[in-house]
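The lines below spell out each chain.
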Amino acid sequence: MIGRPEAVPPALTPAWPDRAAWGTAQKLRAWQSAALEKYFTNQPRDFLAVATPGAGKTTFALTVAAELLGRRIVDRITIVAPTEHLKTQWAEAAGRAGIPIDPNYAAGQGKTSQDFVGVALTYAGVAVNPLAHRIRTERFKTLVILDEVHHGGDALSWGDGVREAFDPAHRRLALTGTPFRSDVNPIPFVTYAPGPDGIPRSVADFTYGYAHALADHVVRPVLFMAYSGEMQWRTRAGDEVAARLGEPLTKDATAQALRTALDPSGSWMPSVLQAADRRLSEVRRHVPDAGGMVIATNQDAARAYARLLKEITGQAPTTVLSDEKGASKKIATFTESDDRWMVAVRMVSEGVDVPRLAVGVYATTTATPLFFAQAIGRFVRARKRGETASVFLPSVPGLLSHASEMEVERDHALGKTVADEDDIFAAEDDLMNQANASESASAEEQLLPWEAVGSQATFDRVLYDGGEFGHAGEVHVGSEEEMDFLGIPGLLEADQVRDLLRTRQSERAEKSKATKKASPQPDTVEQVSTHEQLAILRRELNGLVAAWNHRTGTPHGVTHATLRKECGGPAAAVATSEQLHARINQIRDWAARKSS
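Structure report, in brief.

Criteria and thresholds
Residues numbered from 1 in each chain as written. Predicted model: local features only at pLDDT ≥ 70, side-chain atom pairs only at ≥ 80, totals over all residues. Heavy atoms only, no water. Helix = DSSP H or I, 4+ residues; strand = E, 2+ residues; numbered from the N terminus. Buried < 20%, exposed > 50% of the residue type's maximum accessible area, 1.4 Å probe, protein only. Contact = heavy atoms within 4.5 Å. Areas by Shrake-Rupley, 256 points an atom, 1.4 Å probe, with all protein chains shown as cover. Arc of directions from axis to C-beta. Lys, Arg positive; Asp, Glu negative; His and termini not counted. Salt bridge = Lys/Arg side-chain N within 4 Å of Asp/Glu carboxyl O. Pairing = 2+ DSSP bridges. Axes fitted to C-alpha atoms, helices over the stretch in contact; angles between N-to-C directions. Polar contact = N/O pair within 3.5 Å; in protein donor to acceptor, adjacent residues only side chain to side chain. 1 Å grid on protein atoms, 1.4 Å probe; cavity = no way out; pocket = protein on both sides within 12 Å on 5 of 7 lines; lining within 4 Å. Points joined across faces, edges and corners; volume = space filled by probe spheres on them. Nonpolar A, V, L, I, M, F, W, Y, C, P; charged D, E, K, R; others polar. Right-handed = clockwise from strand over helix to strand, strands pointing away.

1. Examining the overall build of the chain
Point 1. A count of helices and strands for the chain gives 21 helices and 21 strands.
Point 2. The buried share among the 596 residues of the chain stands at 52%.
Point 3. Long-range contacts, defined here as pairs at least 24 residues apart, represent 76% of the contacts in the chain between residues at least 6 apart.
Point 4. As displayed, the chain has an accessible area near 25,700 Å², and 52% of this comes from carbon and sulfur atoms.

What follows is the structure, given as structure tokens:
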């Protein structure tokens, strides 16, 4: 960094975004214009923009950058992104805006070509040598764009490195689609203020949530296709366990049931991948270039899913394993093609920006709200009005809860209030519990106290717009009942999707009632003696009650008692099939009414 200062480039005229088409619109969207107006009215040193994935944060940031360069308020741009692929993605987008960015810059090389106005870095790269980046930041009036700034809290060294490197920056623009985190590491250059409960929370300068973006037709509506089924696995002690995915289970049992479902050698994953491919075919009838992506936990699983997809479709999918050399080129090639499927490892799914992705399979054990929101963000970017997104996921409580809360806006909370002296060590206890949980999870992976024995997939329900839609009883993969939902057209307005879901659910229910009336009705004794049918109904009811608990916070026992009061009959363990059907329909009606 020692030597003659780099030459300051000539001023850029703020012609962006008219300089080149980018994203989904020739002109700025309403939220981008409003955010720009607020930015240049206040002229802040630090600005945090929270916008849902797919809304156009990159366009907004590059518009700010071009304007600041054009006004000579800044001379240099530094972009910090989570992954190597995103560095390249930013450089390409900036190039189309007339802002040349070097994505291959490293602190050790010192200078970069005078053809570049700025550089793109990763958070990890900044942490390696923050002092070198600080010196570069001090030499010029620098605008630092912190993309997905919540990653600045991923590790203590990352946060410290970002603070040291960019504390002298002339301007800092922080972007995120998910400001919330599950830890208490503060995000660099983000303001925190106490909420009504006394807990400090992040304060955004401008927020544009998913619900608002959906109303503006900026993002696609998302249909969550939840799949349940019977799982069998063997513990380290040699005991064989059988459970239904989505039933109320212990945390460990839920995790093992999920891992069993995602095991590529079982029957669950091939069935769900086949269903997802059928859904993709339906979408491509209206959106010919629509693509799908499977998000896998690790590289071995990704390769196995790729082999399954090749057997199903006859075409080898694009497989992106990590930030390996050539990953960006693979993604770019897939983006420009009309190939059906791509398989990505969890680590790189956040960096994938392929606007034609319309169908996803969430096949990873990572279930934090932050990662879930980022992953779903890969499928919601709207190109034209009416496109829908469909995401297939295991029917486990955590994921169903995230899916039903897609429209909830969150902030990053730094800690827990201290209610009394007994609660004074609550924060330390929470941190210890998190550490123990992490250690336990790591040990589970290393010692492999689990072995998948078998799995079977069944269609559970569709979650959409906070409501739940499905059919009574067990819906088998490949059945007409499943196709009622897989066959929904790929081009529909959000309210049309809701109406169609309700129509198909009610039509199937009426058809089922008519069939029952036309056939002789078995007496109560015969129904009770059909233990297999009753077991299926009880499992379905328990799953719905669990989902209602995650959605409303109502305890399971209270919900069961309310259903008994409204529908009549004894406890679920001794109820007839008609009584169980009535309770299932009742709780589904609650969900539909709550969403409307």
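2. Thoughts on unusual backbone geometry
Point 1. Unusually for a residue other than glycine, Arg72 sits at a positive phi of about 65°.
Point 2. Following the sequence through the fold, Arg72 ends up in the loop between α2 (57-70) and β2 (76-81).
Point 3. Under the relative-accessibility criterion, Arg72 is labelled partly exposed at 39%.
Point 4. Positive phi, close to 50°, is recorded for Glu148, a residue that is not glycine.
Point 5. If you trace the backbone, Glu148 turns up in the loop between β5 (142-146) and α6 (156-166).

3. Description of helix α11 (residues 327-336)
Point 1. Listed in full, the buried residues belonging to α11 are Ala327, Ile331 and Phe334. On an axial view of α11, the arc spanned by its buried residues comes to 65°, and they lie on one face. Facing away from the buried surface of α11 by more than 90 degrees, the exposed residues are Lys329 and Glu336.
Point 2. Buried residues along α11 sit against α3 (84-96), β13 (291-296), β14 (318-320), β15 (341-345) and β16 (357-363).

4. Some thoughts on the side chain of Lys57
Point 1. Mapped onto the elements, Lys57 comes out in helix α2.
Point 2. Within the buried core, Lys57 has no salt-bridge partner, and the shortest N-O distance to an opposite charge, that of Glu148, equals 4.1 Å.
Point 3. Setting aside residues no more than four positions away along its own chain, Lys57 makes contact with Trp31, Ala51, Thr52, Glu148, Leu175, Thr176 and Gly177.

5. Notes on the sheet that holds strand β18 (residues 450-455)
Point 1. Strands sit in the order β12-β11-β18 across an open sheet of three strands; the sheet is antiparallel. Looking along the sheet, the strands with just one partner apiece sit at the ends: β12 (240-244) and β18. Sheet twist, expressed as the mean angle between neighbouring strand axes with direction ignored, is 25°.
Point 2. One ladder, built from five bridges, connects strand β11 (residues 230-235) with β18; its direction is antiparallel. Bridging from a neighbouring strand, Met231 pairs with Ser455 of β18.
Point 3. Here helix α8 (residues 251-262) sits on the sheet in contact with β11 and β18, set at roughly 110° to β11.

6. Section: the side chain of Asp102
Point 1. Position of Asp102 relative to the elements: it lies in strand β3 (residues 101-102).
Point 2. An unpaired buried charge is present at Asp102: no salt bridge exists, and Arg136, the closest side chain of opposite charge, is 7.3 Å distant.
Point 3. Reaching out from Asp102, the side chain makes a polar contact with the backbone nitrogen of Asn104 at a distance of 2.9 Å.
Point 4. For Asp102, the side chain forms a polar contact with the side chain of Thr112, separated by 2.7 Å.

7. Regarding empty space enclosed by the protein
Point 1. Under the counting rule described, the total for this entry stands at eleven cavities of 30 Å³ or more.
Point 2. In terms of lining residues, the largest cavity is bounded by 20 residues, among which Lys57, Thr58, Glu148, Arg378 and Arg381 are the most central.
Point 3. Counting residues per element, the ones that place at least two in the lining of the largest cavity are α2 and α3.
Point 4. Of the residues forming the lining of the largest cavity, the biggest block, three residues, is contributed by α3.
Point 5. Taken together, the residues of the lining of the largest cavity sort by class into seven nonpolar, six polar and seven charged.
Point 6. Taken together, 20 residues line the second largest cavity, and the ones lying closest to its centre are Ser228, Arg244, Asp460, Arg539 and Glu540.
Point 7. Mapped by element, the contributors of at least two residues to the lining of the second largest cavity are β19 (458-464) and α19 (531-552).
Point 8. Here the lining of the second largest cavity gets five residues from one element, more than from any other, and that element is α19.

8. Structural notes on the pairing of strand β17 (residues 389-394)
Point 1. Counting buried positions along β17 gives six out of six residues, so the element sits mostly inside the fold.
Point 2. Residues of β17 alternate between two faces, with Ala389, Val391 and Leu393 on one and Ser390, Phe392 and Pro394 on the opposite face, all of them buried.
Point 3. Taken together, the six bridges between strand β10 (residues 222-228) and β17 define a ladder with parallel strand orientation. For Phe224, the partnering residue across the bridge sits in β17 and is Val391.
Point 4. Pairing of β16 with β17 involves three bridges; the strand directions are parallel. Bridge assignment links Val361 to a residue of β17, and that residue is Phe392.
Point 5. Handedness of the β-α-β unit built from β16, helix α13 (residues 369-376) and β17 comes out right-handed.

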